[in-house]
Amino acid sequence: QATSSERREASLARLYEPATGRWVHFSRAARAEIPQALLDEVRALNRLDAQLHARADEMLDTRRAEYAAAKVLEELPPAPPDDQGRRLKKKLKEDKFH
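Calculation criteria
Residues numbered from 1 in each chain as written. Predicted model: local features only at pLDDT ≥ 70, side-chain atom pairs only at ≥ 80, totals over all residues. Heavy atoms only, no water. pLDDT = per-residue confidence, 0-100. Helix = DSSP H or I, 4+ residues; strand = E, 2+ residues; numbered from the N terminus. Expected span 1.5 Å × (residues − 1). Salt bridge = Lys/Arg side-chain N within 4 Å of Asp/Glu carboxyl O. Buried < 20%, exposed > 50% of the residue type's maximum accessible area, 1.4 Å probe, protein only.

Draft legend 1. Region of interest: the confidence of the model for the protein. Taken over all residues, the pLDDT of the protein has a mean of 82, while the share at 70 or more is 81%. Per-residue pLDDT, averaged within each element of the protein, yields its smallest value for helix 4 (residues 82–97) (65) and its largest for helix 3 (residues 36–69) (94).

Below you can see the structure in the form of structure tokens.
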């Protein structure tokens, strides 16, 4: 299994800027030049996204409980064994990026 550093490098390697037709490369020096105000704004917006996601999860849980109580939901088949799930995730990932 890839380390978080390897996953990060792989995800950054796929950054492409279609408008200019160039690949985006991040170096430590380039990241150091990002203005602090911009970093603060990005962090604030990320917090808002996290709050929105948490609220959406609450709403979904409430709605699912209502549907389950009303017997509206169909029962799903059991999940595949873990090794099949990993193979499926790997296949989906390969299909998405190739």
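Resuming the write-up.
Draft legend 2. How the structure looks around helix 3. Relative to the 50 Å expected for 34 residues at 1.5 Å per residue, helix 3 spans 50 Å between its end C-alpha atoms, a close match to the ideal helical length. Phi turns positive one or two residues past the end of helix 3, at K71, with a value near 55°.

Draft legend 3. Representation of the pattern of salt bridges within the structure. Per the stated rule, a full pass over the model turns up 3 salt bridges. The salt bridge involving R55 is made with E58; its shortest N-O contact spans 3.3 Å. In this pair, R55 and E58 both sit in helix 3, 3 residues apart, roughly one turn of the helix. Among the residues examined, R55 registers a relative accessible area of 46% and is labelled partly exposed. The partly exposed category is assigned to E58, whose relative accessible area is 45%. Between E66 and R63 there is a salt bridge whose closest N-O contact spans 3.6 Å. Of this pair, E66 and R63 both sit in helix 3, 3 residues apart, roughly one helical turn. Judged by its relative accessible area of 46%, E66 falls in the partly exposed class. The exposure class of R63 is partly exposed, given its relative accessible area of 45%.

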